[in-house]
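Summary of structural features
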Amino acid sequence: MMKRLMPLLLLLSLLWPAFAGAVALQVPPPSDLTARNYIVMEADSGSVLAARDPDQRVPPASLTKLMTAYLVFKELEKGGLTLDTPIKVSESAWRTGMTGASRMFIEVGDRVRVEDLLKGVIVQSGNDACVALAERVAGTEGAFVDLMNAQARALGMENTRFDNSHGLPSEGQQYTSARDMARLMRALIREFPEYYRFYSLRSFTYNGISQNNRNLLLWRDDSVDGGKTGWTEEAGYNLVSSAKRDGMRLIVVVMGIDAPDHPQGGRLRASESQALYNWAFRQFESHRVYEAGEALTRARVWKGEAKEVPLGLTEPLYVTIPKGRYEDLQAQTELTGRLMAPVQEGRRYGRLRVTLDGTSVAERPLVALEPVEEGGWFRRMLDTAWLWVF
């Protein structure tokens, strides 16, 4: 395996096609799912294992709250807030709770800790808590929505637009897609593991009122450690969740499930998500193939102080493949052309491609792991002669 995975230096000028981001399916996913849209994504590699209309624009409902929490986590990370920071509840936050189906039961003038408000958003799906946090972070909910949309663009969420901080129906445009929600969940888990733990809470009590997490998978499946539910009449029943088994983490999004009432809708979105988890965990496995900074090949440098430079990756490379196929992986490297000094550390000079049965499962830029300065006049003259001859 290691011999087959050692990169082969190919001095070619062809460009590799863009990373497909998907793994060829060996056994199809369950055929009886009623979700209008769904996606199964492996969290480390970003590979999409199965999907149904993942880019269709649909109402986000309370899945919007994933972005609200993400921005609060960012504020905590940079020190603008702490979990103990008290936030005064405005009348607008209170009124939003009164008009929506889900609320934390905060009152006007209350001073509520950020941690409690986050639990109100994540566990209780409190629309009032969303507005309170939005106003504290950005001054107004409208300004916070601008931050939400800017962050969506930064994460590559091409089919998402938010119009409020909670996902209640709005006169303005608001939409998202299953793929975009998977991307957001993946970013949240990777960037904020210390706060992601809030998503595993089964219940939260505030103001003497205890409410259960609507993500029923937290009771059904020990491998599921978080997620967010959503529902409006237009959106149907939605669930974004994540589970980890045997070192592999998956993200599953199901959207647009129809049901006659909330109990049945909650059960259906949990059951269809679990069916996708069980299928994907049986069919696929993930591997960390290369480390960041590992020298995958060495390239000839012309007119430089050194004759060679190591090339590698800026981040670890994970691949997700059908179970039992790890030994069949192949890896190749390609240079973009002759490397002339000076060579800049971190600059792209080639590409790595990992394939299975001739199909690309991962492609990444190869960058210089060390700088190489221009050589002296004799080295430059000698290499110029060699280049002229050859």
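An account of the accompanying structure is given in this report. Here, residues in each chain are numbered from 1, in the same order as that chain's written sequence. Where local features are concerned, this predicted model is filtered to residues with pLDDT of at least 70; where side-chain atom pairs are given and counted, the filter is 80 or more; whole-chain, interface and lining totals use all residues. Values reported for side chains reflect all heavy atoms of the structure, with hydrogen atoms and water molecules removed beforehand.

Observations concerning the environment of N207
Only DSSP runs of H or I covering at least 4 residues are called helices, and only runs of E covering at least 2 are called strands; the numbering of each starts at the N terminus. Residue placement: N207 occurs in the loop between β6 (203-206) and β7 (209-212). Sequence separation between N207 and W377 is 170 residues, and the spatial gap between their C-alpha atoms is 78 Å. Not counting chain neighbours up to four residues away, the residues in contact with N207 comprise F105 and E107. Here a polar contact is taken to be a pair of N or O atoms separated by no more than 3.5 Å, where protein atoms must pair a possible hydrogen donor with a possible acceptor and residues adjacent in sequence count only if both atoms sit in side chains. In terms of polar contacts, N207 uses its side chain to reach the backbone carbonyl oxygen of F105, at 3.1 Å. Two residues qualify as a contact provided that any one of their heavy atoms is within 4.5 Å of a heavy atom in the partner residue.

Observations regarding the packing of helix α2 (residues 64-78) against helix α4 (residues 114-122)
Close contact between α2 and α4 brings their axes to 10 Å; oriented N to C, the two are set at 160°. Accordingly, the angle class assigned to the pair α2 and α4 is roughly antiparallel. Pair α2 / α4 crosses with left-handed handedness. Here α2 contributes K65, A69, V72, F73 and L76 to the contact with α4, which in turn contributes V114, L118, V121 and I122. Here the contact of α2 with α4 is built from residues that sort into eight nonpolar, no polar and one charged. Simply put, an axis is a line fit to the C-alpha atoms, just over the touching stretch for a helix, and the angle between two N-to-C directions goes from 0 to 180 degrees. Each angle receives one of four descriptions, namely roughly parallel if under 35 degrees, roughly antiparallel if over 145, roughly perpendicular if within 65 to 115, and oblique otherwise. Crossings are assigned a handedness: left-handed for a near helix turned anticlockwise from the far helix by less than a right angle, right-handed for a clockwise turn. For this scheme, ten residues count as nonpolar: Ala, Val, Leu, Ile, Met, Phe, Trp, Tyr, Cys and Pro. Four count as charged, namely Asp, Glu, Lys and Arg, and the remainder, Gly too, count as polar.

Focus on the nonpolar core
Membership of the largest hydrophobic core comes to 60 residues, with the highest contact counts inside it found for M67, F73, L76, L117, L118, M181 and V253. What M181 contacts, discounting residues up to four positions off in sequence, is L63, L66, M157, F162, T176, V240 and V253. Nonpolar cores are built from buried Ala, Val, Leu, Ile, Met, Phe, Trp, Tyr and Cys residues. Side-chain atoms within 4.5 Å join them into one set. Burial classes follow relative accessibility: with a 1.4 Å probe on protein chains only, a residue under 20% of its type's maximum area counts as buried, one over 50% as exposed, and anything between as partly exposed. Residues A331, A341, Y349 and A362 belong to the second largest nonpolar core, which totals 26 residues.

Some words on the packing of aromatic side chains
Stacked, tilted and edge-to-face are the three classes applied to pairs of Phe, Tyr and Trp rings, where Trp contributes its six-membered ring and a pair requires centres within 6.5 Å; stacked means planes under 30 degrees apart, edge-to-face means over 60, and tilted covers the rest. Considering all chains together, one arrives at eight aromatic pairs under this definition. Arranged with centres 5.2 Å apart and planes meeting at 80°, the rings of Y70 and F192 form a pair that is edge-to-face. Of the two residues, Y70 sits in helix α2 while F192 sits in the loop between α7 (178-191) and α8 (193-196), which places them 122 residues apart along the sequence. The burial state of Y70 is the same as that of F192; both residues are buried. Every member of this aromatic cluster is reached through a ring pair, and the members are Y70, F73, F192 and Y195. The cationic tip of R300 hangs over the ring face of W302; the distance from NZ or CZ to the ring centre is 4.0 Å. Whether a charge lies above a ring is judged from NZ of Lys or CZ of Arg, which has to be within 6 Å of the ring centre and within 35 degrees of the ring normal.

A look at the packing of helix α3 (residues 91-99) against helix α5 (residues 127-138)
Between α3 and α5, whose axes approach to 7 Å, the crossing angle comes to 155°. With respect to each other, α3 and α5 are oriented roughly antiparallel. The interaxial crossing formed by α3 with α5 has right-handed handedness. Residue-level contacts link S92, A93, T96 and G97 of α3 to N127, D128, V131, A132 and E135 of α5.

Some thoughts on unusual backbone geometry
Residues apart from glycine generally show negative phi values, whereas peptide bonds are mostly found in trans. Between A341 and the following residue, P342, the backbone shows a cis peptide bond with an omega angle of 5°. Assignment of secondary structure puts P342 in the loop between β16 (339-340) and β17 (348-356). Backbone geometry at N207 places phi at a positive 55°, although glycine is not the residue there. Not every positive phi belongs to a glycine, and K303 is a case in point at roughly 65°. By secondary structure assignment, the location of K303 is in the loop between β12 (297-302) and β13 (308-312). With a relative accessible area of 26%, K303 lands in the partly exposed category.

Points about the side chain of Q151
Locating Q151 in the fold gives a position in helix α6 (residues 141-154). When residues no more than four places from it in sequence are discounted, the contact partners of Q151 are M67, Y70, L71 and K74.

Some thoughts on the pattern of salt bridges
Side chains that differ in sign of charge can pair as their charged atoms come close. Salt bridge, as applied in this entry: a Lys or Arg side-chain nitrogen positioned within 4 Å of an Asp or Glu carboxyl oxygen. For the structure shown, the criterion picks out 17 salt bridges. Taking the shortest distance from any N to any O, the salt bridge between E91 and R95 comes out at 2.7 Å. In this pair, E91 and R95 are both assigned in helix α3, four residues apart and thus about one turn of the helix distant. On the basis of relative accessibility, which here comes to 42%, the residue E91 falls in the partly exposed class. In this structure, the salt-bridge partner of R245 is D221, at a minimum N-O distance of 2.8 Å. Here R245, found in strand β9 (residues 236-245), pairs with D221, found in the loop between α9 (217-220) and β8 (224-232); they are 24 residues apart in sequence, far enough to count as distant. Taking relative accessible area as the criterion, R245 reaches 23% and is therefore assigned partly exposed.

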